[in-house]
Amino acid sequence: MVKSSATDRETGNPMDYYIAPSLLSADFGRLAEKVRAVERAGADLLHVDVMDGRFVPNITIGPPAVAAIKRCASVPLDVHLMIVEPEKYIDAFAEAGAGVITVHAEATPHLQRAVARIRELGKKSGVALNPSTSISAIEWVLSDVDMVLLMTVNPGFGGQAFLPGMLGKIELLRSQLARTGLPVDIEVDGGVKADNVSLVVKAGANVIVSGSGIFGTKDYGKTIAQMKENIRKASGEGEKR
């Protein structure tokens, strides 16, 4: 994956940071155009939200749409499955071109089986938590995943305000990962924009999803550049230069 490197405040070790524009906030009538625009602007990943109307109160897209996005994308697709029984659809999304597949701990009784299957298919494996779900729900699968996605809004719709109470949850997870030495990325999704990205980075996140915070601005390149600069400063790199 394309990346920006800085330093983990918790361990002092190098850390890679990624910006993942959420296509949920893009104009779906001009999706290929918007994909190419944010890629030119510096996107490292493309975040694709899949919703089934059951796990969350909204319906979005399925594997055929992911395959269509893949055909016009040059950066990896970060596919977030907000669906019940995600284990039934992992193979289809992997075949459609997902680079990262994330399932919710709340959505399946077979979480370890689901994340293991993602890795079996040669994809990066992620597990997501809603704001009200404790980190303890995923402690037993942390060695089986490449990324943990912490929702910083209640999932289902784009454009919601960031929940500041989630900062402590990010800090707790980053501290736990530092103690165990597991090389797991922390992704945050929900209400993150250029003016608050430094807060989640200081808390320990290194994969930043932003929907309206990017697509709702006039100049994607300027916005993503500002986010990356704020990440650099928040990570401590700005203090060293």
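In the block above lies the structure referred to throughout.
Right, let's walk through the structure included here. (Residues numbered from 1 in each chain as written. Predicted model: local features only at pLDDT ≥ 70, side-chain atom pairs only at ≥ 80, totals over all residues. Heavy atoms only, no water.)

**Things to note about the pairing of strand 6 (residues 124-129)**
Applied cut-off: We call a residue buried when its accessible area falls under 20% of the maximum for its residue type, exposed when it is over 50%, and partly exposed in between, using a 1.4 Å probe and counting protein chains only. The numbering of helices and of strands both runs from the N terminus, where a helix is a DSSP run of H or I of at least 4 residues and a strand a run of E of at least 2. Any two strands with at least two DSSP-identified bridges between them are counted as paired. Call a crossover right-handed when, viewed with both strands pointing away from you, the route from the first strand across the helix to the second goes clockwise.
In terms of burial, strand 6 is a largely internal element, five of the six residues being buried. In this structure, strand 5 (residues 100-104) lies alongside strand 6, joined through five bridges in parallel fashion. Looking at strand 6, one finds that Ile 101 is bridged to Ser 125. At this point the chain moves from strand 5, through helix 4 (residues 111-120), to the parallel strand 6, and the crossover so formed is right-handed. Where strand 6 meets strand 7 (residues 147-151), four bridges bridge the pair, whose relative direction is parallel. Bridge pairing in strand 7 links Gly 126 to Met 147.

**Considerations on helix 5 (residues 167-180)**
In plain terms, the rule: Residue count minus one, scaled by 1.5 Å, sets the expected span of a helix.
In a regular helix each residue adds 1.5 Å, so 14 residues correspond to 20 Å; helix 5 covers 20 Å between its end C-alpha atoms and thus fits that length. Turning to helix 5, its buried residues number three or more, namely Leu 167, Lys 169, Ile 170, Leu 173, Arg 174, Gln 176 and Leu 177. Positioned one or two residues after helix 5, Gly 181 has a phi angle of 75 degrees, which is positive.

**Things to note about the side chain of His 47**
The test is simple: Definition of a polar contact: a pair of N or O atoms within 3.5 Å, with one able to donate and the other able to accept a hydrogen when the atoms are protein atoms, and with sequence-neighbouring residues admitted only if both atoms are side-chain atoms. By definition in these notes, contact holds between two residues if any of their heavy atoms fall within 4.5 Å.
Looking at the secondary structure, you find His 47 in strand 3 (residues 46-51). Among the residues examined, His 47 registers a relative accessible area of 0% and is labelled buried. There is a polar contact of 3.2 Å between the side chain of His 47 and the side chain of Asp 189. Excluding residues that lie within four positions of it along the chain, His 47 makes contacts with Ala 20, Pro 21, Ser 22, Leu 23, Asp 78, His 80, Leu 149, Glu 187, Asp 189 and Val 209.

**With respect to the pattern of salt bridges**
The line we're drawing: What counts as a salt bridge is simple: a side-chain nitrogen of Lys or Arg found within 4 Å of a carboxyl oxygen of Asp or Glu.
Applying the stated criterion to the full structure yields eight salt bridges. Here Arg 117 ties to Glu 120 by a salt bridge, and the two come within 3.1 Å at their closest N and O atoms. Of this pair, Arg 117 and Glu 120 both sit in helix 4, three residues apart, roughly one helical turn. Residue Glu 120 is classed as exposed on the basis of its relative accessible area, which comes to 59%.

**Here's the deal with the packing of aromatic side chains**
Quick reminder of the rule: Side-chain rings of Phe, Tyr and Trp, where Trp is taken by its six-membered ring, are said to pair if the distance between their centres is within 6.5 Å; with planes under 30 degrees apart they count as stacked, over 60 as edge-to-face, and otherwise as tilted.
Throughout the structure, instances matching the rule amount to one aromatic pair. Taking the centre distance of 5.5 Å and the plane angle of 75 degrees together, the rings of Phe 215 and Tyr 220 count as edge-to-face.

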